[in-house]
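# Notes for the structure review
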Amino acid sequence: MQNLVSLNLSAQDLADADAAIATLRRVFAPMVALQPSQRRDLYKMGDKSEHFCRQTLSVLASNPQIIPPSLDLAEAQADLAALDLLRPRLQQLEQLVERADDTALALGSDIITVALEGYGLLKVSGKNEALKSARKALSARFSKGSRGAEPGPAA
C-alpha cells in the first residue's frame, strides 16, 4: 500500500504558517504584479545581461560627468541592490513552494490509491452488501468522458 507522506499539522503549526504568510504579504505588498502583456514587453535581464548591467552601472558610477540628468543611475543602483537582497529569499520561497506542491501531490496520490483499491473492493465484495447505488455513483468517475491520464480502478 502506497503511503508517500503522513502529515499532521497542529493548530499551532497552521497558526504559525498563517502568521508567516500574513507577514510575507505585508512585506511583499510594495512588489508589483505584472500583466502577461507587460511581462512580454519588458526587457529581461538574464545571466549574460546581468554581468553587462553590473559592469555598465559601475563604469557610469565611476564617470558621473557623462551621465545626463534624465538617466537615473541612483535608482538603477538601488534596484540592483534590492534585487541582490530579494534573490536569496525568492530562492528559499521557491524551494518551500516546491516542497508544498510535492507534498500536496503525494497526499493526493496516497488518497486516490486507497480510493481506487477501495472501489475495486466494492466492485468485488460489495455485490451482496446493498452497495449497488454507491458503486453506480462511484463508477461515474470512470465514464467514457473521463481523462485518460488517470489510472483505472484497481481489481
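Refer to the structure printed above.
Residues numbered from 1 in each chain as written. Predicted model: local features only at pLDDT ≥ 70, side-chain atom pairs only at ≥ 80, totals over all residues. Heavy atoms only, no water.

### Quick notes on the environment of Leu34
You can see Leu34 is positioned in the loop between α1 (11–28) and α2 (36–41). Here Leu34 is in contact with Arg39 and Leu42, once residues within four sequence places are set aside. (Helix = DSSP H or I, 4+ residues; strand = E, 2+ residues; numbered from the N terminus. Contact = heavy atoms within 4.5 Å.)

### Describing the side chain of Asp110
One can find Asp110 in helix α4 (residues 73–125). Among buried charged residues, Asp110 stands out as having no salt bridge; its nearest opposite-charge side chain is Arg141, 15 Å away. Among the polar contacts listed, one links the side chain of Asp110 to the backbone nitrogen of Leu4, at a separation of 2.9 Å. Aside from chain neighbours lying at most four places away, what touches Asp110 is Gln2, Asn3, Leu4 and Val5. (Buried < 20%, exposed > 50% of the residue type's maximum accessible area, 1.4 Å probe, protein only. Lys, Arg positive; Asp, Glu negative; His and termini not counted. Salt bridge = Lys/Arg side-chain N within 4 Å of Asp/Glu carboxyl O. Polar contact = N/O pair within 3.5 Å; in protein donor to acceptor, adjacent residues only side chain to side chain.)

### A look at a negative patch on the surface
Together, Glu94, Glu98, Asp101 and Asp102 make up a negatively charged patch on the protein surface. With respect to the helices, strands and loops of the structure, Asp102 is situated in helix α4. (Patch = residues over 30% accessible without salt bridge, like charges linked within 9 Å, V, L, I, M, F, W, Y side chains within 5 Å. Areas by Shrake-Rupley, 256 points an atom, 1.4 Å probe, with all protein chains shown as cover. Charge placed at Lys NZ, Arg CZ, Asp CG, Glu CD.)

### A word on the pattern of salt bridges
With the rule as written, the count across this model stands at three salt bridges. With a closest N to O distance of 2.9 Å, Glu50 and Arg54 form a salt bridge. Highlighted residues: Glu50 and Arg54, both in helix α3 (residues 47–62), separated by four residues, approximately one helical turn. Among the residues examined, Arg54 registers a relative accessible area of 29% and is labelled partly exposed. Across the salt bridge formed by Arg87 and Glu50, the nearest N and O atoms sit 2.8 Å from each other. Of this pair, Arg87 sits in helix α4 while Glu50 sits in helix α3; the two residues are 37 residues apart in sequence, bridging distant segments of the chain. A cluster of three or more residues bridged by salt bridges with shared partners is formed by Glu50, Arg54, Asp84 and Arg87.

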